[in-house]
Amino acid sequence: MKYYLIAGEASGDLHASRLMSSLTKYDHDATFRFFGGDRMTEIGGTRVRHFRELAYMGFVPVITHLPTILRNMRLCRQDILQWKPDVVILVDYAGFNLQIARFVRRNTSIPVYYYISPKIWAWKEWRIRDIKKYVNEMFSILPFEKQFYEKRHKYRIHYVGNPTAEEVTNFKASYRESFEYFRIANGLEDKPVIALLAGSRKQEIKDNLPAMIAAAQNFADYQIVVAGAPAIPPSFYKKYLNDNVRLITGRTYEILYHATAALVTSGTATLETALFEVPQVVCYKTPLPKLMRFGFNHIIKVPFISLVNLIDGKEVVKELFADRFKVCDITNELYRLLPQRQNKQPRESMIQGYRSVREKLGYSVAPDNAARIMVQLLSQDKV
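A few points on the structure. (Residues numbered from 1 in each chain as written. Predicted model: local features only at pLDDT ≥ 70, side-chain atom pairs only at ≥ 80, totals over all residues. Heavy atoms only, no water.)

### Topic: the overall build of the protein
As a reminder of what qualifies: The helix and strand labels rest on DSSP assignments: H or I over at least four residues marks a helix, E over at least two residues marks a strand, and numbering proceeds from the N terminus. Radius of gyration: C-alpha atoms only; globule rule: 2.2 Å multiplied by the number of residues to the exponent 0.38. Throughout, exposure labels follow a simple rule: accessible area from a 1.4 Å probe, protein chains only, divided by the maximum for the residue type, with under 20% read as buried, over 50% as exposed, and the rest as partly exposed. We call two residues in contact whenever any of their non-hydrogen atoms come within 4.5 Å of each other. Note on areas: Shrake-Rupley with a 1.4 Å probe; residue coverage comes only from the protein chains shown. In this charge count, Lys and Arg are treated as positive and Asp and Glu as negative; neither His nor the chain ends contribute. One atom stands in for each charge, and that atom is NZ of Lys, CZ of Arg, CG of Asp or CD of Glu.
Looking only at helices and strands, one finds 18 helices and 13 strands in the protein. Over its C-alpha atoms the protein spans a radius of gyration of 22 Å, differing by no more than 12% from the 21 Å that the globule rule assigns to 383 residues. Principal axes of the C-alpha set define a box for the protein whose edges measure 65 × 45 × 40 Å. Taking all 383 residues of the protein together, 55% fall into the buried category. When contacts within the protein are restricted to residue pairs at least 6 apart in sequence, those whose partners lie at least 24 apart make up 65%. Of the accessible surface of the protein, which amounts to about 18,000 Å², a share of 51% is contributed by carbon and sulfur atoms. Looking at charge distribution, the protein has the averaged site of its 54 positive side-chain charges lying 6 Å from that of its 38 negative ones.

Encoded structure:
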């Protein structure tokens with residue numbers, strides 16, 4: 001069968017590439033055409049556009065590049081009509097992908113599948129109307145989304161497992177590097193590690209890293225290691241670092257494996273840190289903090305910002321964001337989680353919460369599970 005996939009950023013490129021690989025297991029005649037990146041290209045098929053030509057975030061960048069975005073959208077629509085795939089598979093990236101879903105369902109009989117739901121449960125819940133109208137099947141990687149879609153909005157979805165959980169499990173099973181080897185290889189001291197995961201975008205790093213470093217520097221018995229995002233050049237970090245802080249790029253899992261505690265911005269990194277059972281403080285600076293707190297309490301529909309807490313349904317990790325983002329509070333919360341303290345209950349309680357999160361994620365291999373269901377559904381449609 002012919003599969004047309006659209007991924008608009010690096011994480012989507014990774015997840016889509018793994019899905020493509022899985023689809024070839026269940027459909028030996030699978031052929032691919034896609035908007036995506038280098039990882040998808042490695043699997044095979046024809047890349048129409050690289051995601052770097054699509055991924056503009058924020059009001060000003062989107063407006064500045066609007067002609068390019070519209071041109072790419074027209075190209076995508078025309079290319080789908082010309083290639084006539086058996087299915088269009090959208091991967092996250094809601095702004096672009098829901099426009100494509102609308103076009104495909106209005107102008108063709110091609111089914112539209114969505115792999116990795118856009119986070120409409122946190123923001124822009126009104127998009128459920130378009131999903132119900134234009135998406136034939138939704139494949140979720142977060143267990144709480146099943147209740148959100150099916151109970152709140154009466155829209156049936158498939159929870160297929162969580163790829164991050166699988167990736168961390170596989171890493172832990174195969175990684176054999178001792179702390180001694182790790183620290184020597186990366187020029188570290190013989191001290192336990194406090195890991196700083198300050199985000200994958202420049203603005204996040206600029207906003208969060210200085211306060212994270214200021215808090216972590218209060219613990220002289222530890223060394224501070226910043227997990228550098230692969231897409232961010234080391235030179236960008238230099239203005240925020242000092243002699244007491246070490247930057248290691250592209251080795252986040254290795255850092256977490258050896259870390260004693262962590263300061264983490266919101267996002268997938270909070271889940272990765274939990275899966276490594278590293279006690280963490282979630283810290284995220286926002287503009288207009290008091291207004292943001294009001295919005296979170298009265299407008300945003302979710303009780304937490306971290307995936308760890310959302311999955312478990314309660315506060316496993318402390319979230320210091322908006323008006324609670326203060327160096328003194330980050331320092332105090334970090335202190336509570338360090339093992340040298342006489343009261344180890346906060347640390348142990350958090351690790352128990354992590355294990356609850358792991359059980360709720362389940363043990364399915366997400367891309368394999370999704371691919372199997374997709375091929376079954378498409379085969380039924382052809383009968």
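### A look at the nonpolar core
The following threshold applies: The set of buried Ala, Val, Leu, Ile, Met, Phe, Trp, Tyr and Cys residues whose side-chain atoms join them within 4.5 Å is what this entry labels a nonpolar core.
In this structure, Tyr3, Leu5, Ile89, Tyr115, Leu196 and Leu263 are the most contacted members of the largest nonpolar core, which totals 131 residues. At 8 residues, the largest contribution of residues to this core is made by helix 18 (residues 366-382).

### A look at the sheet that holds strand 2 (residues 31-36)
What counts, and what does not: A pair of strands is considered paired only if DSSP assigns at least 2 bridges between the two. Only the stretch in contact is used when fitting a helix axis, every axis being a line fitted to C-alpha atoms; angles between N-to-C directions are given from 0 to 180 degrees.
Spatially, 3-2-1-4-5-6-7 is the arrangement adopted by the 7 strands of the open sheet, whose pairing is parallel. Strands at the two margins of the open sheet, each flanked by one partner only, are strand 3 (46-50) and strand 7 (158-159). Taken together, the 5 bridges between strand 1 (residues 2-7) and strand 4 (residues 87-91) define a ladder with parallel strand orientation. Bridge pairing links Ile6 to Leu90 in strand 4. Docked against the sheet, helix 5 (residues 94-107) engages strand 1, strand 2, strand 4 and strand 5 (112-115), running at close to 160° with respect to strand 5.

### Overview of the pattern of salt bridges
What counts is decided by this rule: Any Lys or Arg side-chain nitrogen located within 4 Å of an Asp or Glu carboxyl oxygen qualifies as a salt bridge.
Tallied over the entire structure, the rule returns 20 salt bridges. Residues Glu9 and Arg201 are paired through a salt bridge, measuring 3.8 Å at the closest nitrogen-oxygen approach. Of the two residues, Glu9 sits in the loop between strand 1 and helix 1 (10-26) while Arg201 sits in the loop between strand 8 (193-197) and helix 10 (202-216), which places them 192 residues apart along the sequence. Two residues, Lys318 and Glu315, come together in a salt bridge whose shortest N-O distance is 3.6 Å. In this structure Lys318 comes out as partly exposed when scored by relative accessible area, which is 29%. Residue class for Glu315 comes out partly exposed when judged on its relative accessible area of 47%. Salt bridges sharing partners connect three or more residues here, namely Arg18, Glu166 and Glu167.

### Looking at a positive patch on the surface
Defined as follows: By definition, no residue in a patch forms a salt bridge, and every one has over 30% relative accessible area; like charges are joined within 9 Å, nonpolar side chains (Val, Leu, Ile, Met, Phe, Trp, Tyr) within 5 Å.
Residues Lys202, Lys206, Lys239 and Lys285 make up a contiguous surface patch of positive charge. Along the chain, the position of Lys206 falls in helix 10.

### So, the packing of aromatic side chains
To keep it simple, the criterion reads: Here a pair means two rings of Phe, Tyr or Trp (six-membered ring of Trp) with centres within 6.5 Å. Their orientation is stacked below 30 degrees between planes, edge-to-face above 60, and tilted elsewhere. Criterion for a charge above a ring: Lys NZ or Arg CZ within 6 Å of the ring centre, and within 35 degrees of the ring normal.
In total, this model carries 17 aromatic pairs according to the counting rule given. Between the aromatic rings of Tyr3 and Phe32, the centroid separation amounts to 5.7 Å while the plane-to-plane angle is 35°, which identifies the pairing as tilted. Linking Tyr3 in strand 1 with Phe32 in strand 2, this pair joins segments that are 29 residues apart in sequence. On the basis of relative accessible area, Tyr3 is assigned to the buried category, the value being 0%. Lying over the aromatic face of Trp83, Lys2 brings its terminal NZ or CZ to 4.8 Å of the ring centre. The cationic tip of Lys239 hangs over the ring face of Phe236; the distance from NZ or CZ to the ring centre is 4.2 Å.

### Looking at unusual backbone geometry
Phi at Asp92 takes a positive value of approximately 50°, unusual for a residue other than glycine. Its place among the elements puts Asp92 in the loop between strand 4 and helix 5. Since its relative accessible area comes to 17%, Asp92 is described here as buried. One non-glycine residue with positive phi stands out, namely Glu277, at about 55°.

### Focus: the state of the cysteines
Operational definition: In this description, the term disulfide denotes a pair of cysteine sulfurs within 2.5 Å.
Enumeration over the complete set of coordinates arrives at 0 disulfides. Just so you know, Cys328 is unpaired, no disulfide at all, and the nearest cysteine sulfur is the one on Cys283, 12 Å from it.

### Section: the environment of Lys119
Mapped onto the elements, Lys119 comes out in the loop between strand 5 and helix 6 (128-134). Judged by its relative accessible area of 42%, Lys119 falls in the partly exposed class. With 27 residues separating them along the chain, Lys119 and Asp92 place their C-alpha atoms 8.4 Å apart.

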